[in-house]
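A structural walkthrough
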Amino acid sequence: MDLPTYPFQRQRYWLSGALGQGNLDVSSAGLDSVDHALLSGAVGLAGTDGVLLTGRLSVETHPWLADHAVWGSVLLPGTAFVELALHAADQVGCGLVEELTIEAPLVFNDQSAVAVQVAVAAADESGRRDLTVYSRPADAADGVWTRHASGVLADVAVPVTEELAQWPPAGAQAVTIDALYEELADSGYEYGPLFQGLRSAWRQGGAVFAEVVLPEGADAEGFGLHPALLDSALHAIGLAADGDPEAVEGGVGLPFAWSGVSLSAVGARVLRVRIVRSGSGVSLLLADGAGAHVASVESLALRPVTAEQLRGAGEVDVARDALFRVEWSSVAVPADADVDA
């Protein structure tokens, strides 16, 4: 038969994985529903006031993750770990992510999903709680959990009154960023459209000011601060000094150690950003399109990561599951050997 001359039309009836996993009914599994785009359930730990949050992530259920690739590997943005920590803090009544260290990248090597756990320990005498983030392949019920991040939550955040009402700041000099993402791609940062949100930048003294946006069509619902929007804010770090954007000796620089992270408003789609270098890291002040405070980062340090490290991060550990055994073999000893030794 001849094919029709009009365009084919199709309608999908299969249910796709929900981007906002908090809409799933997990009560039958003994969990409480969580209204978050990266998490699906939570459970209070018996005998303590600790909490365990769970989720399931894949490029198929969260297609926007594919826009965050480094050296050819798709990995969970460091800003997503911050988002998980901020939501965990909110769940237990804490207002500050005092520390968060990313110990190992979470790499998506194929379409398979990973199970994620965010564990929040009981509060100590000062109200602080330890936090850890783990993952393992979702289809490996007896698989080994990988610890990706650890940190500390504090029950009280330091009030922040700073705003960025005057925009751009008086006396700030505009910085050309037309070729920024081409330069980042040459350096190993393969950002898709969702992670190319940096629109304008200025310098004033030792500070860099930037404006970032969440592209049209991106859904910010279910996030405190969308990881792609916060990640785009970090793209201006390299503009704080002459040189390659985000350049770090030995490899590309990925977020490593966060300190003093607080969130005062949710759902932002536009950010005004101030970045100031501090020692080996930077501090960030984030405001909305009107200049009102959204979030603060007291300190952020980057760590160099090579392509080889990322390629091996998400691979199956064959040696771990192999059936090794110990075998003793006789060795000939020379007649004049020191037997005692």
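Here is a short report on the structure shown in this document. Just so it is clear, the model here is predicted, and its values are computed rather than measured.

With respect to burial, helix H3 (residues 227–234) is a largely interior element, eight of its eight residues being buried. Regarding H3, the residues found buried are Pro227, Ala228, Leu229, Leu230, Asp231, Ser232, Ala233 and Leu234.

A few words on the sheet that holds strand S5 (residues 73–75). Sheet architecture is open: four strands sit in the order S7-S5-S4-S12, paired in antiparallel fashion. Lying at the two open borders of the sheet, with one neighbouring strand each, are strand S7 (107–108) and strand S12 (189–191). With two bridges joining them, strand S4 (residues 68–70) and S5 adopt antiparallel strand pairing. Its bridge partner lying in S5, Val70 is registered against Ser73.

With that settled, the discussion passes to the layout of surface pockets. The computed volume of the second largest pocket comes to approximately 320 Å³. If you go around the second largest pocket, you meet 18 residues; those closest to its centre are Leu86, His87, Asp90, Leu263 and Val266. By residue number, the principal contributor to the lining of the second largest pocket is helix H1 (residues 78–91), which donates five residues. Its residues assigned to classes, the lining of the second largest pocket comprises eight nonpolar, seven polar and three charged.

Right, let's get into the packing of aromatic side chains. Tallying each qualifying case throughout the model produces seven aromatic pairs. Aromatic pair Trp64 and Phe195: ring centres 6.3 Å apart, planes at 25°, arrangement stacked. You can see Trp64 sitting in the loop between strand S3 (51–57) and S4 and its partner Phe195 sitting in the loop between S12 and strand S13 (198–204), a full 131 residues away along the chain. We classify Phe195 as buried; its relative accessible area is 0%. Centre to centre, the rings of Trp167 and Trp202 are 5.3 Å apart; their planes meet at 80°, and the pair counts as edge-to-face. Residue Trp167 is found in the loop between strand S10 (146–154) and strand S11 (173–174), and its partner Trp202 is found in strand S13; the two are separated by 35 residues along the sequence.

What follows covers the side chain of Ser150. With respect to the helices and strands, the residue Ser150 is situated in strand S10. A polar contact of 2.6 Å, which involves the side chain of Ser150, links it to the side chain of Glu103. In this view, Ser150 contacts Glu99, Leu100, Thr101, Glu103, Leu131 and Thr132; residues no more than four positions away in its chain are not counted.

A separate point is unusual backbone geometry. In this model, Trp167 is joined to Pro168 through a cis peptide bond whose omega is -10°. Mapped onto the fold, Pro168 is located in the loop between S10 and S11. The backbone of Trp71 sits at a positive phi, close to 55°, despite the residue not being glycine. Examined against the element boundaries, Trp71 turns out to sit in the loop between S4 and S5.

Rules used in this analysis
- Residues numbered from 1 in each chain as written.
- Predicted model: local features only at pLDDT ≥ 70, side-chain atom pairs only at ≥ 80, totals over all residues.
- Heavy atoms only, no water.
- Buried < 20%, exposed > 50% of the residue type's maximum accessible area, 1.4 Å probe, protein only.
- Helix = DSSP H or I, 4+ residues; strand = E, 2+ residues; numbered from the N terminus.
- Pairing = 2+ DSSP bridges.
- 1 Å grid on protein atoms, 1.4 Å probe; cavity = no way out; pocket = protein on both sides within 12 Å on 5 of 7 lines; lining within 4 Å.
- Points joined across faces, edges and corners; volume = space filled by probe spheres on them.
- Nonpolar A, V, L, I, M, F, W, Y, C, P; charged D, E, K, R; others polar.
- Phe/Tyr/Trp six-rings, centres within 6.5 Å; stacked < 30°, edge-to-face > 60°.
- Polar contact = N/O pair within 3.5 Å; in protein donor to acceptor, adjacent residues only side chain to side chain.
- Contact = heavy atoms within 4.5 Å.

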